Amino acid sequence: MCDIRTTESLDYVAANIDSKSVSILTDRLQRDEETITYLKDQVMTLTKERDDMMEYIRATNQMVVRLIAEVGNTERVLKEATEKHLQSTSQLGQIQSTLRDPKEFISQQTNGSAIVGSRFMSDTLIRRGTHGHVTVLKENEVNDTLQTLQQENAHYHPYISVLQRFPLFATFPRDVMEKVSLSAYEMTRKKGQPIVTKGEEGAEIFFIWSGAVSIFVEERELSHLQQPVFFGELGVLFKFRRTATVVAKTDTVLIVVTKQKLDEIIGTNPEVQQKVDEFSANKEVWWLKQQYTSGQEKFGSEFANDIARKNIRKLDLFHDAPDSFVDSLAMTIKCLVFQENQNIVSIGDESDAMYFLLAGTVQVVGDTGVVHAEIQQGSFFGEVGVLLNMKRTASIRSKGESYVFKLTKENLDAVVLNYPLMKERLQEEATERFALFKARTQKKEGSCSSVPDQFDVEVGENALAKLSIFHGVDLSVIQELAITMLRKTWNTDETIIKCGENGDSMFFLAAGTANVITEFGEVIDDVSGWWCYLDIIDR
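Conventions used here
Residues numbered from 1 in each chain as written. Predicted model: local features only at pLDDT ≥ 70, side-chain atom pairs only at ≥ 80, totals over all residues. Heavy atoms only, no water. Helix = DSSP H or I, 4+ residues; strand = E, 2+ residues; numbered from the N terminus. Buried < 20%, exposed > 50% of the residue type's maximum accessible area, 1.4 Å probe, protein only. Contact = heavy atoms within 4.5 Å. Areas by Shrake-Rupley, 256 points an atom, 1.4 Å probe, with all protein chains shown as cover. Pairing = 2+ DSSP bridges. pLDDT = per-residue confidence, 0-100. Phe/Tyr/Trp six-rings, centres within 6.5 Å; stacked < 30°, edge-to-face > 60°. Axes fitted to C-alpha atoms, helices over the stretch in contact; angles between N-to-C directions.

### Quick look at the overall build of the protein
- Of regular secondary structure, the protein possesses 16 helices and 23 strands.
- In the protein, which comprises 539 residues, the proportion classed as buried is 39%.
- Contacts in the protein between residues far apart in sequence, at least 24 positions, make up 70% of those at least 6 positions apart.
- Accessible surface, the protein as shown: approximately 31,400 Å² in total, 52% of it carbon and sulfur.

### Observations concerning the pairing of strand S11 (residues 245-248)
- Judged from the 2 bridges that link them, strand S6 (residues 194-196) and S11 form a sheet pairing that is antiparallel. Directly across from Pro 194, in S11, lies its bridge partner Val 247.
- Two strands pair when backbone bridges link them, and strand S8 (residues 212-217) and S11 are joined in this way by 4 bridges, in the antiparallel orientation. The residue of S11 that forms the bridge with Phe 216 is Thr 245.

### Considering the confidence of the model for the protein
- On average, the protein scores 76 in pLDDT, and the residues at 70 or more come to 70%.
- Under a pLDDT of 50 for its full length, residues 446-452 has, in the predicted model, 12 contacts with residues more than four places off or in other chains.

### Brief notes about the side chain of Ser 351
- With respect to the secondary-structure elements, Ser 351 resides in the loop between strand S14 (343-345) and strand S15 (353-359).
- Residue class for Ser 351 comes out buried when judged on its relative accessible area of 5%.

### Focus: the packing of aromatic side chains
- With the rule as written, the count across this model stands at 15 aromatic pairs.
- Judged by centre distance (5.7 Å) and plane angle (50°), the rings of Phe 318 and Phe 325 are tilted.
- Residue class for Phe 325 comes out buried when judged on its relative accessible area of 0%.
- One aromatic cluster in this structure is built from Phe 166, Phe 169, Phe 172, Phe 207, Phe 230 and Phe 279.

### Details of the sheet that holds strand S9 (residues 220-226)
- Taken in spatial order, the 4 strands make up an open sheet running S6-S11-S8-S9, and their pairing is antiparallel. Because the sheet does not close on itself, it has two edges, and the strands there are S6 and S9. Direction aside, the axes of adjacent strands within the sheet are offset by 35° on average.
- Pairing of S8 with S9 involves 6 bridges; the strand directions are antiparallel. Following the sheet pairing, Ala 212 is matched in S9 by Gln 226.
- The sheet strands contacting helix H10 (residues 304-312) are S8 and S9, and the helix crosses S9 at an angle near 60°.

### Here we look at H10
- By the criterion of burial, H10 is predominantly enclosed, with 8 of the 9 residues buried.
- Of all the residues in H10, the buried ones are Ala 304, Asn 305, Asp 306, Ile 307, Ala 308, Arg 309, Asn 311 and Ile 312.

### Digging into the environment of Phe 470
- Checked against the element boundaries, Phe 470 lands in the loop between helix H15 (454-465) and helix H16 (475-484).
- Ignoring any residue separated from it by four or fewer positions in sequence, one finds Phe 470 in contact with Leu 464, Ile 478 and Leu 481.

### Focus on the pairing of strand S12 (residues 252-258)
- Across the 7 residues that make up S12, a large majority, 7, are buried.
- The two faces of S12 match: Thr 252, Leu 254, Val 256 and Thr 258 on one face and Val 253, Ile 255 and Val 257 on the other face are all buried.
- Of the strand pairs in this sheet, strand S5 (residues 185-189) and S12 are connected by 5 bridges, and their pairing is antiparallel. Counterpart to Thr 188 in the pairing with S12 is Val 253.
- Across 6 bridges, the pairing between strand S7 (residues 204-210) and S12 is antiparallel. Within the sheet, the bridge partner assigned to Ser 210 lies in S12 and is Val 253.

### Notes on unusual backbone geometry
- In the segment running from Gln 227 into Pro 228, the intervening peptide bond is cis, with an omega of 0°.
- If you trace the backbone, Pro 228 turns up in the loop between S9 and strand S10 (230-231).
- In this model, Asn 341 sits at a positive phi of 70°, which is unusual for a non-glycine residue.
- Summarising the element assignment, Asn 341 is placed in the loop between strand S13 (334-338) and S14.
- Phi is positive for Asp 493, which is not a glycine, with a value near 70°.
- Counting through the fold element by element, Asp 493 comes out in the loop between strand S21 (485-488) and strand S22 (507-517).
- Here Asp 493 falls in the exposed class, since its relative accessible area comes to 77%.

Written out as structure tokens, the structure is:
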């Protein structure tokens, strides 16, 4: 137990403080008082600045309220003026769309004014104004006038070019599309905010104006879409409930068209209504088939078509194809589920389809059973065999459960019949690919290096596309580089790259494990795969 002892009394301490200590304490007290005085002055200054700032904010708020009121009035006036002008602009747009040649004869009566031209005129277009006078436009003035009309049209209908990415809207007459454009509205969502929620009634179609969105199935991100695409089209075609959730992946701006507004617009136009009915019937057939697909919810359910369109455009063949063509292809795609160790493609099979790996990992297996490479989700394979009409040179085996989109050659051939330009492009691409592949094969004959097969090319193409240095590079260039790549295998403990050698190659680890070792023999990193298979760009 401790004794608690009291210290000397204050009187005793005071009696023993010498004059030097008193002086030190006095100086310290004076400095503290000066500090307190300085801080008081600072507080007073800051308080005054705060009061001034609050007064400024109050005045600014009043000004903002006043400006908002003025903007509201201006918007109302502008809306009234715009509505009066739209009819004339629409008619001018129709005249422009029928004007194949500025010298061609056109006569359109518009509220007392007319644009009149003659196919027999050499360099003029005559316009009679509302006041009865006649203005003669030279040929260069005609082009300027038409350009002005285009700019005005784009100003009053800024969404039309985006909305026409939806194949159905692309078939609508101009005047109908203008009404659809005016009925559309902008929706802004911050990153992480929901756009579509599973279970809610679908009643709109969305067009990504900027940003990106993620499609979630069972709280797992299945895929993402980004500008410029549309999604959720079933919502404006027939009644049903959403089957997946869509969330803003980044800050996103969307253009939205509702089923209610669309029905009001097309309800008075039997010709357009017929187009909508035919398009809806085709989509409904696709949707009914989709619901009977095993594990269809894993493919995004109603959004499987949107995801399929995105994957199809990854191929250089189709990246700039017409939207209607891509949509038609997407509706023929089959959704397939493969279990672990199940073959998707077998060596020696006819190349009757190309595949898009939505989820999972697949392995490229040679004729001896060796795994040459692994292909990750988001990649495609089988394209080269279809184009070159080759038998499969390797097997593709599912490493675990995999979800795959399958586009058959039969369906591709059927769709291109309605698109002569795409058919011609496919034939040209096949000829060019075959020539490159043949040249590469002949170059390697008699050498110890292996000749690239169809899956070598596709693995190389997918690997190159993921490198930041190739972002934005034309896909055809990447394809040519992929054909120049070759496969090489190293055994355990063999050196792949030696410190000090000239760097003249680029390596991609497709399978196996490789160690990164310093010149002193220290392992500082490693990368893993199934077996050592590396691609080299042959210079």
